[in-house]
Amino acid sequence: MTSRRDLIIGGACVLSAGAVLALKPTRKVSLMPPGRKLSEILPPGFNDWSSRDVSDLYAPETPDSLQARLYGETVGRIYSQQGSGTQIMMLMAHGDSQSNELQLHRPEVCYPAYGFSIVESQPVQLTLEKPVTLPGRRMVAETAQEKDAVTYWTRLGEYFPVGVTEQRLERLQTAVHRYVPDGLLARFSIAGADTNAAFRAMEAFISDLILHVADDHRAALIGTARARMLLEAQGARKA
Amino acid sequence: MSTPQQAAGALQDKSSFSWPLAIGFCAVAIPTAYALGGQTWSHEEGAHGPLVLCTAAWLLWRQIPEIRRRGAPGKNWVVAIGLTVSLAMYIFGQAFDFITMNAAGLYGAGIVIFYALFGAGELRRNWFIFLYLLFAVPPPRSWLDSLTFPLKQFVSTAATAVLQPFGIPVTHEGVIIYVAQYQYLVEDACSGLNSIVGLLAISLFYIYLSRGSSWRYSLFLAALTIPIAVMANIFRIVILILLTEFAGDDVAQGFMHFTAGIVVFVIALALIFSLDSLFGSVFPGRRKIA
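Here is a short report on the structure shown in this document. (Residues numbered from 1 in each chain as written. Chains lettered and ligands numbered in written order. Predicted model: local features only at pLDDT ≥ 70, side-chain atom pairs only at ≥ 80, totals over all residues. Heavy atoms only, no water.)

On to the overall build of chain A, then. Scanning chain A from N- to C-terminus turns up eight helices and nine strands. Looking at chain A as a whole, 51% of its 239 residues are labelled buried. For chain A, the exposed surface amounts to about 11,300 Å²; the carbon and sulfur share of it is 54%. (Helix = DSSP H or I, 4+ residues; strand = E, 2+ residues; numbered from the N terminus. Buried < 20%, exposed > 50% of the residue type's maximum accessible area, 1.4 Å probe, protein only. Areas by Shrake-Rupley, 256 points an atom, 1.4 Å probe, with all protein chains shown as cover.)

With that out of the way, let us pick up the interface of chain A and chain B. The partner chain B presents 40 residues to the 36 residues of chain A that form the contact. With both sides pooled, the region where chain A packs onto chain B buries about 3,200 Å², and carbon together with sulfur makes up 64% of that total. Viewed at the interface, chain B and chain A are joined by zero salt bridges. Counting across the interface, chain A meets chain B through six residue pairs in polar contact (both at pLDDT 80 or more). Sorting the residues of the side of chain A that touches chain B by element identifies α1 (4–23), α4 (107–113) and α5 (164–176) of chain A as the ones contributing at least two each. Looking at the side of chain A that touches chain B, the element that brings in the most residues is α1(A), giving 13 residues. Taken together, the residues that form the side of chain A that touches chain B break down as 19 nonpolar, ten polar and seven charged. (Contact = heavy atoms within 4.5 Å. Buried area = accessible area lost by both parts, 1.4 Å probe. Salt bridge = Lys/Arg side-chain N within 4 Å of Asp/Glu carboxyl O. Polar contact = N/O pair within 3.5 Å; in protein donor to acceptor, adjacent residues only side chain to side chain. Nonpolar A, V, L, I, M, F, W, Y, C, P; charged D, E, K, R; others polar.)

It is worth spelling out the packing of α1(A) against helix α4 (residues 76–95) of chain B at this point. Orientation of α1(A) relative to α4(B), taken along the N-to-C sense of each, is 20°, at an axis distance of 9 Å. The angle between α1(A) and α4(B) falls in the class roughly parallel. In this structure, α1(A) crosses over α4(B), and the sense of that crossing is right-handed. The segment α1(A) lies against α4(B), with R5(A), I9(A), A12(A), C13(A), S16(A), A19(A), V20(A) and L23(A) engaging N76(B), V79(B), L83(B), L87(B), Y90(B), I91(B), Q94(B) and A95(B). (Axes fitted to C-alpha atoms, helices over the stretch in contact; angles between N-to-C directions. Parallel < 35°, antiparallel > 145°, perpendicular 65-115°, else oblique. Left-handed = near helix turned anticlockwise from the far one by under 90°.)

On to the pattern of salt bridges. For side chains bearing opposite charge, pairing can occur when the charged atoms are close. Residue and element names in this part refer to chain A. Under the definition given, this model contains eight salt bridges over all chains. For D53, the salt bridge goes to R77, with nearest N and O atoms at 3.1 Å. In this pair, D53 sits in strand β2 (residues 49–53) while R77 sits in strand β3 (residues 73–81), placing the two residues 24 residues apart along the sequence. You can call D53 exposed: its relative accessible area is 58%. Assessed through its relative accessible area of 4%, R77 is described here as buried. A salt bridge links D182 to R155, with the shortest nitrogen-to-oxygen separation between them at 2.9 Å.

In this structure the tally under the stated criterion is 17 aromatic pairs over all chains. Judged by centre distance (6.0 Å) and plane angle (65°), the rings of F188(A) and F205(A) are edge-to-face. On the criterion of sequence distance, the pair formed by F188(A) in strand β9 (residues 183–191) and F205(A) in helix α6 (residues 195–211) is long-range, its members being 17 residues apart. Comparing F188(A) with F205(A), the two get one shared label, buried. Centroid distance F92(B) to F98(B): 5.7 Å. Interplanar angle 20°. Geometry classified as stacked. For F92(B), a relative accessible area of 29% corresponds to the partly exposed category. Taking the relative accessible area as the measure of exposure, F98(B) reaches 17% and is therefore buried. Here the aromatic residues F46(A), W49(A), Y79(A), W153(A), F188(A) and F205(A) are joined through ring pairs into a cluster of three or more. (Phe/Tyr/Trp six-rings, centres within 6.5 Å; stacked < 30°, edge-to-face > 60°.)

Residues and elements named next belong to chain A. Tracing the sequence through the fold places D182 in the loop between β8 (179–181) and β9. For D182, a relative accessible area of 0% puts it in the buried group. At 2.9 Å, the side chain of D182 forms a polar contact with the side chain of R155. Excluding residues within four positions of it along the chain, D182 makes contact with V29, S30, L31, M32, H94, G95, D96, Q98, R155, L156 and G157.

Laid out in structure tokens, this is it:
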């Protein structure tokens, strides 16, 4: 015997399952140039900067580590400037599809996990080339022995979340637009006491680095809209 | 036209099995189980999930004859509201990949179906099983993160404080422990949060089986579980430090890292069981279920 009520309840459940199928984003969108890797599109050296690859910018790696699950590719480099001797640590990590399980780990969350305390953290607009800016964050993290000035940005599809909440909301926005975005974390740091000078040096470096990435590869780092604006700004300067 | 006997038979049939409900529930439950399997059950923080589901199902199954005998269908308007809210959460969570909302929506839908079949009285009478089942709903990652970090700090501090008086060369800075020339990061798994949740679930299951659903006693033992789990994890880190110091890094990081976790879990569980047998005999207001 089947009651009408049972049919309605069961039907509502089946309809819900159908609604999920209709709503679930299936299209993956990645801004990485096809067939290219981060390590290829980032210049190993330019102007008076040269670099060497390092692998242990994070804490020691373990096979099942979160890091290995999170990112498809990570590039760790130390860039050194010939004249000044300034050393900038760079970590770039790219993950193909951002989901609940696999999403960018923000430095303001993961630095404390590695024993740092965060003494300063604020959103900042990084100037790439006037008037083009990129929303990022400045952070000062320290342990008893070490003080790090950290500048970073995160890209989620075409969004640039500057906090955990924004990151979550913007992932929801991509889901509503029915696609699964890729994600990029770009983190730069200088160890030392003079954090103001460090931030100035890093922000000049970031702008230089991006201008030395091939025009059609920049979207992977700064999104399509800003890559185009940057090209226009450069064109205007040349003209 | 039907005899009372036939009517009773029909009633029995009606409450025994309903295909539309079974199909409907499976249609929403299977995708969630798949998502849970991939996202939380396969990691340490959610490994107790399937265990909780199976044991809760078994507890409920044992009660079915009683539930059927006493149960009476719930009110339509409550079912309508409950199902709308639950399924809306379910759709949102499942479609946009928010696992907590997904599982909570399914949990709600399950409760509503139970209510529709057997009513509020039976829901109340089996409150413990439904509360226990909540352990299968993964909490939001941000809750876990905000608890994990202070716990990691605490177990690191405590583990080094225990060893220093014995002349072991160990120091820590935040969540990094230095032993001799080695440096260890206390990982999230070592915070003990996962084992707190797992131990809590197993303890509650055990308490329910052995003593019935006395909420005072359950609360009391659950409260004891938390410090025990934290101490167990301090102990686990102490073992690993000692192994590093006396047997070398390879031993500590290899086989023993995993084994120490299991051993400590078992010790903690044994401790809870013995505390239960100690307090259980003096605690008033409990009832024994057959």
